[in-house]
Amino acid sequence: MRLLVARCQVDYAGRLTAHLPLATRLILSKADGSVSIHADDRAYKPLNWMNPPCTLTVTTPEDSDFTEVWEIRNKDADTLVISIAEVLHDSSHELGVDPGLVKDGVEAHLQALLAEHPETFGHGWNLVQREYLTPIGPVDLLFRDADGGYVAVEVKRRGEIDGVEQLTRYLTLMNADPLLAPVRGVFAAQLIKPQAKTLAGTRGITCVSVDYDLLRGLDNAEDRLF
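Reference entry: report on the structure contained in this document.

Calculation rules
Residues numbered from 1 in each chain as written. Predicted model: local features only at pLDDT ≥ 70, side-chain atom pairs only at ≥ 80, totals over all residues. Heavy atoms only, no water. Helix = DSSP H or I, 4+ residues; strand = E, 2+ residues; numbered from the N terminus. Buried < 20%, exposed > 50% of the residue type's maximum accessible area, 1.4 Å probe, protein only. Areas by Shrake-Rupley, 256 points an atom, 1.4 Å probe, with all protein chains shown as cover. Pairing = 2+ DSSP bridges. Axes fitted to C-alpha atoms, helices over the stretch in contact; angles between N-to-C directions.

### Section: the overall build of the protein chain
Thought 1: Regarding its fold elements, the protein chain presents four helices and twelve strands.
Thought 2: Structurally, the protein chain occupies a C-alpha span of about 75 × 40 × 35 Å along its principal axes.
Thought 3: The buried share of the protein chain, taken over its 226 residues, is 39%.
Thought 4: Surface summary for the protein chain: the accessible area is close to 13100 Å², and the carbon and sulfur share equals 53%.

### Details of the sheet that holds strand β10 (residues 150–159)
Thought 1: If you trace the five strands from one edge of the open sheet to the other, you get β8-β9-β10-β11-β12, paired in mixed fashion. With one partner strand each, in any of the chains shown, β8 (126–134) and β12 (206–209) form the two edges of the open sheet. The average undirected angle you get between the axes of adjacent strands in this sheet is 30°.
Thought 2: Relative to β12, strand β11 (residues 183–192) runs parallel, the two sharing four bridges.

### Concerning unusual backbone geometry
Thought 1: Residues Pro52 and Pro53 are joined by a peptide bond in cis, for which omega reads 0°.
Thought 2: Tracing the backbone through its elements, the reader meets Pro53 in the loop between β4 (48–50) and β5 (54–59).
Thought 3: Cis geometry is adopted by the peptide bond preceding Pro182, which originates at Ala181 and carries an omega value of 0°.
Thought 4: Its location among the elements puts Pro182 in the loop between α2 (161–174) and β11.
Thought 5: One non-glycine residue, Asp63, lies in positive phi territory at about 50°.
Thought 6: Looking at the element boundaries, Asp63 is found in the loop between β5 and β6 (68–74).
Thought 7: When its relative accessible area of 85% is taken as the criterion, Asp63 is described as exposed.
Thought 8: At Ala77, a position not held by glycine, the phi torsion is positive, near 70°.
Thought 9: Mapped onto the elements of the fold, Ala77 is located in the loop between β6 and β7 (79–92).
Thought 10: We classify Ala77 as partly exposed; its relative accessible area is 46%.

Here it is, written out as structure tokens:
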């Protein structure tokens, strides 16, 4: 990962356009090819970003106030241009392979129950593997649906935007593998926030709300009064 603190301006052009005027910001360039720009607020959320797969071109303009210009272009020809006026810090760090998120007891049990009950997602589904390994971490569950297509399922106790982003990264890598592609995604959780559902919809990811008690046999529909 490369960390760059710099005075820069940022211009995005694609389905919409956006401009960040000259200011001091943090630029993250990750090993997966993604680039994101951060201010000193907003917690983890970047001001702007480009997800992989994308290409980065760096040029040194002449007769300009900028020392470097980064142009990041994705497969849809969207462009993110970072014009750097001054570098305050520049360092690179090898983080290695991340072991992935350690799930709490409920989340891990929910994953195991869904692996045992693929019919939760649809008739004719079959489990291929739990914790299917990708270069950036394991996908919780990999299934084949009734048509034989691969489906990657990310399981959360509480479904939020970061979980959708995580599944999106997995799907990008898995769909680059000709032995798997096409792979579609399902985001499964006990509770899924509206913002996460909206983002999932823009990524072509299906959201499934899961009844944990029903799966583990504590909630029997025949015993209900209503």
